[in-house]
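Each chain, letter by letter, is given below.
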Amino acid sequence: MYSIGMYLYALAAVFVSLFSRKVRKLVEGIPETFRVLRVEIKPDDRVAWFHAASLGEFEQGRPLMERLHREHPEYKILLTFFSPSGYEVRKNYSGADVVCYLPFDTPGNVLSFLRLAHPEIGIFIKYEFWTNYLTKAHKRGVKLYSVSSIFRPNQHFFQWWGSMKPLRQFDHLFVQNEQSKQLLGEHGVTCATVVGDTRLDRVIAIKNAAAPLPIVEKFVGRAPCFIAGSSWGPDEEIYIPYFAQHTDWKLIIAPHVISAVHLKSIEKLLASHGMKAVYYTDLEQGTKQVADERVLIVNCFGKLSSIYRYGKIALVGGGFGVGIHNVPEAAVYGIPVLFGPNNRKFQEAQTLLHCGGAFEYGDAATFSSIMDRFLSNADFLQEAGKKAGAYINANAGAADKCFEYIFNNKGD
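Quick word on unusual backbone geometry
- Of note, His118 is a non-glycine position whose phi angle comes to about 30°, a positive value.
- Note on placement: His118 falls in the loop between helix H5 (107-117) and strand S4 (119-125).
- Unlike most non-glycine residues, Lys126 shows phi in positive territory, near 60°.
- The topology assignment puts Lys126 in the loop between S4 and helix H6 (131-139).

Details of the pairing of strand S5 (residues 143-149)
- For S5, the tally of buried residues reaches 6 of 7 residues, placing the bulk of the element in the interior.
- As defined by bridge partners, S4 adjoins S5 across 5 bridges and the pair is classed as parallel. Bridge assignment links Ile125 to a residue of S5, and that residue is Val147.
- Where the polypeptide runs from S4 across H6 and back to S5, its parallel neighbour, the crossover connection is right-handed.
- Pairing between S5 and strand S6 (residues 172-175): 4 bridges, direction parallel.

With respect to the packing of aromatic side chains
- Within this structure, the stated rule accounts for 35 aromatic pairs.
- Pairwise contacts between aromatic rings join Trp49, Phe113, Phe124, Phe129, Tyr133, Phe151, Phe157, Phe158 and Phe170 into one cluster.
- In this structure, Arg46 is placed above the aromatic ring of Tyr75, and the distance from its NZ or CZ to the ring centre is 4.6 Å.
- Across from the ring centre of Phe219, 4.6 Å away, lies the NZ or CZ of Lys250, which sits over that ring.

Procedures and definitions
Residues numbered from 1 in each chain as written. Predicted model: local features only at pLDDT ≥ 70, side-chain atom pairs only at ≥ 80, totals over all residues. Heavy atoms only, no water. Helix = DSSP H or I, 4+ residues; strand = E, 2+ residues; numbered from the N terminus. Buried < 20%, exposed > 50% of the residue type's maximum accessible area, 1.4 Å probe, protein only. Pairing = 2+ DSSP bridges. Right-handed = clockwise from strand over helix to strand, strands pointing away. Phe/Tyr/Trp six-rings, centres within 6.5 Å; stacked < 30°, edge-to-face > 60°. Lys NZ or Arg CZ within 6 Å of the ring centre and 35° of its normal.

Here it is, written out as structure tokens:
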């Protein structure tokens, strides 16, 4: 039944691709995968295969790939994505030898993929559990690992109609918390170790490697600055009115979606509250000067992780829709983080909430209450930031634990 469902899923994707550019990229990219594998992977290559659904999972697997590239060059690294938003951004990633789409999980695709790629090791990041790939790879003797995974009782594996079969194919699962390990054990999967989230190792590495941004330094000056990262419309409708009333603060907005429509909506909202903004690219190109601007809109990618260092407080968007984005990316700088209510499935967000390094807002009144406390109590603001940074540093090391077990034969 699963395979029949996958064939139907593939057919549906072909149909949807007629109307969706994003899905069309996936459908057109899959045949290219087989051509790339034939050309790039030789019969005698030792292949370590990493699979990430999209960019977030890629960042979690990246510390492992980069260390493998440095310490074990005998492996050829194959990186696959299922989402075009991941593949299109990282298709030229230099840390992997081959980057391509993962074909749909149908029996024919799986057999062709495994025959051409012939991986020795397969590492699936977080939520990637493709039954046919895992089952066939396991039968071929591929060592399979799940990294940074989280399990909850409401997942389909643990329902009466679900199946534990995909999870039983793994040689080992490196999970983020004790609850996940316990849940797996209750269902007969005992090859699990709690190591935490490899993303924390990645954000520390990014912080350590981040270059100064003179444009942002000049914009912020000596003023306190609020960073709204991966910002969406519902977030903007809450924090922009607040900062219209607090003119001593600078505001940096890094939208999650950088499109003309979204940027115009931000401009319109700012104008309705008597504010205007300058764009990062205009400052970068020298077409505009910082002068006395209060709002900076980051209309380009790749800057946000470095920009957080200039903030006193950060907001991470997505909490009113798709789910919050990369909270550790901000917390690593030792500043408190705010986000919306859709955060329950994010381990790092939950832990930061409990330790006092992050705060949830559900509406403008809650946001104002949190911010008013920060602005009126410098000690509270400083202590919250310390708690956020301490959590990141105290829980680093997951990537090293996984790597030593998988590649240096130092498992239990």
